[in-house]
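Each chain is listed here by its residues.
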Amino acid sequence: MSAALSPLIAATSEWLMLAFPSAGTALDSALAEVQARQAVTVAAWLRYPTAIDAELAVMAGLGGSGRLDRLTGLEIMEPADEAEWLGHAWRTWVDEVVASWATCLLTDPDLAGGAVAAVTAGEHGDGLPLDFRRLLAPDARDVRAAALLRHPDLVSPVAALHRARLLGCLGQGERLTA
């Protein structure tokens, strides 16, 4: 697995948790974060299927969370000083396409299954013991913990941004959704 994707996966997962937080206990927050991280990992591996793709993306820049913040109504104040800016620097590692694809995977089990099948056969997962159970087969507690993150209507503005590209990447073309 490319180490270059680690900051992208961490930042994009963190952004999803800020935008669609768990309203439960500390355990619920942890379960929601695991689900977000699994979805983001699969989405990142799909978007950047090789280590070279990941390295090039990091060199070119990822775009940050600005558009996603505006779309979801997250009000992020401009940092007043260097110390405050450093507290927001992680947001530059957020990948909008990966966030969009992750929300698609969290709200569509069939799509998630196809995406996991695609990445487990790819370069990133080669030789790794992979377990995407919380993404693919969440139990009742997982679903409750990530209720906002998995709610199709709530995440639809983010999911819609790049859903067609995800479907194209998985060779599914545009599908009708209920």
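Cut-offs applied
- Residues numbered from 1 in each chain as written.
- Predicted model: local features only at pLDDT ≥ 70, side-chain atom pairs only at ≥ 80, totals over all residues.
- Heavy atoms only, no water.
- Helix = DSSP H or I, 4+ residues; strand = E, 2+ residues; numbered from the N terminus.
- Buried < 20%, exposed > 50% of the residue type's maximum accessible area, 1.4 Å probe, protein only.
- Contact = heavy atoms within 4.5 Å.
- Phe/Tyr/Trp six-rings, centres within 6.5 Å; stacked < 30°, edge-to-face > 60°.
- Core = buried A, V, L, I, M, F, W, Y, C linked by side-chain atoms within 4.5 Å.
- Salt bridge = Lys/Arg side-chain N within 4 Å of Asp/Glu carboxyl O.
- Patch = residues over 30% accessible without salt bridge, like charges linked within 9 Å, V, L, I, M, F, W, Y side chains within 5 Å.
- Areas by Shrake-Rupley, 256 points an atom, 1.4 Å probe, with all protein chains shown as cover.
- pLDDT = per-residue confidence, 0-100.

Q: Mind laying out the overall build of the chain, listing which residues take part and the relevant values?
A: A count of helices and strands for the chain gives ten helices and zero strands. Order of helices (α) and strands (β) in the chain, N terminus to C terminus: α-α-α-α-α-α-α-α-α-α. Counting over 178 residues, the chain shows a buried share of 42%. Pairs at least 24 apart in sequence give 82% of the contacts found in the chain among residues at least 6 apart.

Q: An account of the packing of aromatic side chains is needed here, citing residue identities and associated values.
A: Taken as a whole and assessed by the stated rule, the structure comprises two aromatic pairs. Consider the rings of Trp15 and Phe20, whose centres lie 6.3 Å apart with planes at 85 degrees: the pair is edge-to-face. Aromatic side chains Trp45 and Phe132 sit 6.1 Å apart centroid to centroid with 85 degrees between the ring planes, which places their arrangement in the edge-to-face category. Here Trp45, found in helix 2 (residues 26-47), pairs with Phe132, found in the loop between helix 7 (109-120) and helix 8 (133-136); they are 87 residues apart in sequence, far enough to count as distant.

Q: Tell me what's going on with the nonpolar core, and back it up with residues and numbers.
A: Counting 48 residues, the largest nonpolar core has Val42 and Leu105 as its most contacted members. Those elements that place two or more of their residues in this core are helix 1 (5-19), helix 2, helix 3 (51-60), helix 6 (96-107), helix 7 and helix 10 (152-169). At nine residues, helix 2 tops the list of elements feeding residues into this core. Discounting residues that sit within four places of it in the chain, Val42 has contacts with Leu105, Ala115, Val116, Val119, Phe132 and Leu135.

Q: Could you give an account of the side chain of Ser13, with specific residues and numbers?
A: The topology assignment puts Ser13 in helix 1. Apart from residues no more than four positions distant in its own chain, Ser13 is found in contact with Ala36, Arg37 and Val40.

Q: Outline the pattern of salt bridges, supporting the account with residue identities and numerical values.
A: Under the criterion given, the structure shown has seven salt bridges. For the salt bridge of Asp95 with Arg47, the shortest nitrogen-to-oxygen distance reads 3.4 Å. One end of the pair, Asp95, is in the loop between helix 5 (82-88) and helix 6; the other, Arg47, is in helix 2, with 48 residues separating them in the sequence. Assessed through its relative accessible area of 2%, Asp95 is described here as buried. Given a relative accessible area of 26%, Arg47 falls into the partly exposed group.

Q: I'd love a proper account of a nonpolar patch on the surface, names of residues and values included.
A: Residues Ile52, Leu56 and Met59 make up a contiguous nonpolar surface patch of about 370 Å² in total accessible area. On the secondary structure map, Leu56 appears in helix 3. Looking at Leu56, the relative accessible area reads 48%, which means it is partly exposed.

Q: Tell me about the side chain of Thr41, residues and numbers included.
A: Residue placement: Thr41 occurs in helix 2. With relative accessibility at 11%, the residue Thr41 sits in the buried group. Not counting residues up to four positions away in its chain, the partners in contact with Thr41 are Ile9 and Phe132.

Q: Describe the confidence of the model for the chain, with residues and values.
A: Of all residues in the chain, 88% have pLDDT values of 70 or greater, and the mean over the chain is 89. Predicted confidence in the chain is weakest over helix 5, with a mean pLDDT of 66, and strongest over helix 6, with 98.

Q: Describe the environment of Arg141, and please don't skip the residues or the numbers.
A: Among the structural elements, Arg141 can be located in helix 9 (residues 140-145). When its relative accessible area of 31% is taken as the criterion, Arg141 is described as partly exposed. In this structure the C-alpha to C-alpha distance between Arg141 and Asp28, which are 113 residues apart in sequence, comes to 7.8 Å. Discounting residues that sit within four places of it in the chain, Arg141 has contacts with Thr25, Leu27, Asp28 and Leu31.

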